[in-house]
Amino acid sequence: QVQLVESGGRLVQAGDSLRLSCAASGRTFSSYAMGWFRQAPGKEREFVAAISWGASSTTYTDSVKGRFTISRDNAKKTVYLQMNRLKPEDTAVYYCAADQSWGALSKGWHTPEYWGQGTQVTVSS
């Protein structure tokens, strides 16, 4: 069982930076691929970024490439999403997800097994 708790979301202005954190419980954090998803009002949830168990692989949706960076600290059981040059269209609830399958996070093979409760990011223009 893995429990995920996101933090760091808040109201910022366009062009600002923000770092989201996702703290995980459980003894096997390092065996899980981790990812970030987001859902804007009236839209479906979409993939943002994912990182493999040992952080050797990362992947991003095209709209955030070059602006967002996903990282993880297995000793702290935490995954991060550094978001730079934020845009109003980045406004959404951001969710952390975990799955033992890299394909689930990176390729959408199936819905990731574990989810956090979400943290709101609002970017004003």
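Asker: Could you clarify how one ought to interpret the sheet that holds strand E8 (residues 78-83) in this entry?
Answerer: Strand pairing within a sheet occurs via backbone hydrogen bonds; the two strands may be parallel or antiparallel. Judged by pairing direction, the sheet is antiparallel, and its four strands sit side by side in the order E1-E3-E8-E7 without closing on themselves. Pairing within the sheet leaves two strands with one partner each, and these edge strands are strand E1 (4-7) and strand E7 (68-73). In this sheet, neighbouring strand axes are inclined to one another by 15° on average, regardless of whether the strands run parallel or antiparallel. Across six bridges, strand E3 (residues 18-24) lies against E8 in antiparallel orientation. What sits directly across from Cys 22, in E8, is Val 79.

Asker: What is the right way to read the nonpolar core from this model?
Answerer: Counting 30 residues, the largest nonpolar core has Leu 4, Met 34, Trp 36, Leu 81, Met 83 and Tyr 94 as the members making the most contacts within it. Mapped onto this core, the elements with two or more residues apiece are E3, strand E4 (33-39), strand E5 (46-51), E7, E8, strand E9 (92-99) and strand E11 (119-124).

Asker: When you look at the pairing of E1 in this model, what are you seeing that I'm missing?
Answerer: Note on strand geometry: in a regular strand, side chains alternate between the two faces of the sheet. Burial along E1 is one-sided: Leu 4 and Glu 6 are buried, and none of Val 5 and Ser 7, which face the opposite way, are. By the bridge criterion, four bridges tie E1 to E3 in an arrangement that is antiparallel. Counterpart to Glu 6 in the pairing with E3 is Cys 22.

Asker: Sorry if this is basic, but what is going on with the pairing of E4 here?
Answerer: Counted residue by residue, E4 has six buried out of seven residues, so it is predominantly covered. Here E4 runs beside E5; their pairing, made up of five bridges, is antiparallel. If you follow Trp 36 over to E5, its bridge partner there is Ala 49.

Asker: Would you mind showing me how to read the packing of aromatic side chains here?
Answerer: To describe a pair of aromatic rings, you give the distance between the ring centres and the angle between the ring planes. Under the criterion given, the structure shown has three aromatic pairs. Ring geometry for Tyr 32 and Tyr 114: centres 5.9 Å apart, planes at 70°, overall edge-to-face. A residue pair is termed long-range when its members are at least 10 positions apart, and Tyr 32 in the loop between E3 and E4 and Tyr 114 in strand E10 (residues 114-115) qualify at 82 residues. Residue class for Tyr 114 comes out buried when judged on its relative accessible area of 12%.

Cut-off values and rules
Residues numbered from 1 in each chain as written. Predicted model: local features only at pLDDT ≥ 70, side-chain atom pairs only at ≥ 80, totals over all residues. Heavy atoms only, no water. Pairing = 2+ DSSP bridges. Helix = DSSP H or I, 4+ residues; strand = E, 2+ residues; numbered from the N terminus. Axes fitted to C-alpha atoms, helices over the stretch in contact; angles between N-to-C directions. Core = buried A, V, L, I, M, F, W, Y, C linked by side-chain atoms within 4.5 Å. Buried < 20%, exposed > 50% of the residue type's maximum accessible area, 1.4 Å probe, protein only. Phe/Tyr/Trp six-rings, centres within 6.5 Å; stacked < 30°, edge-to-face > 60°.

Interpretation in functional terms is not warranted from these geometric data alone.
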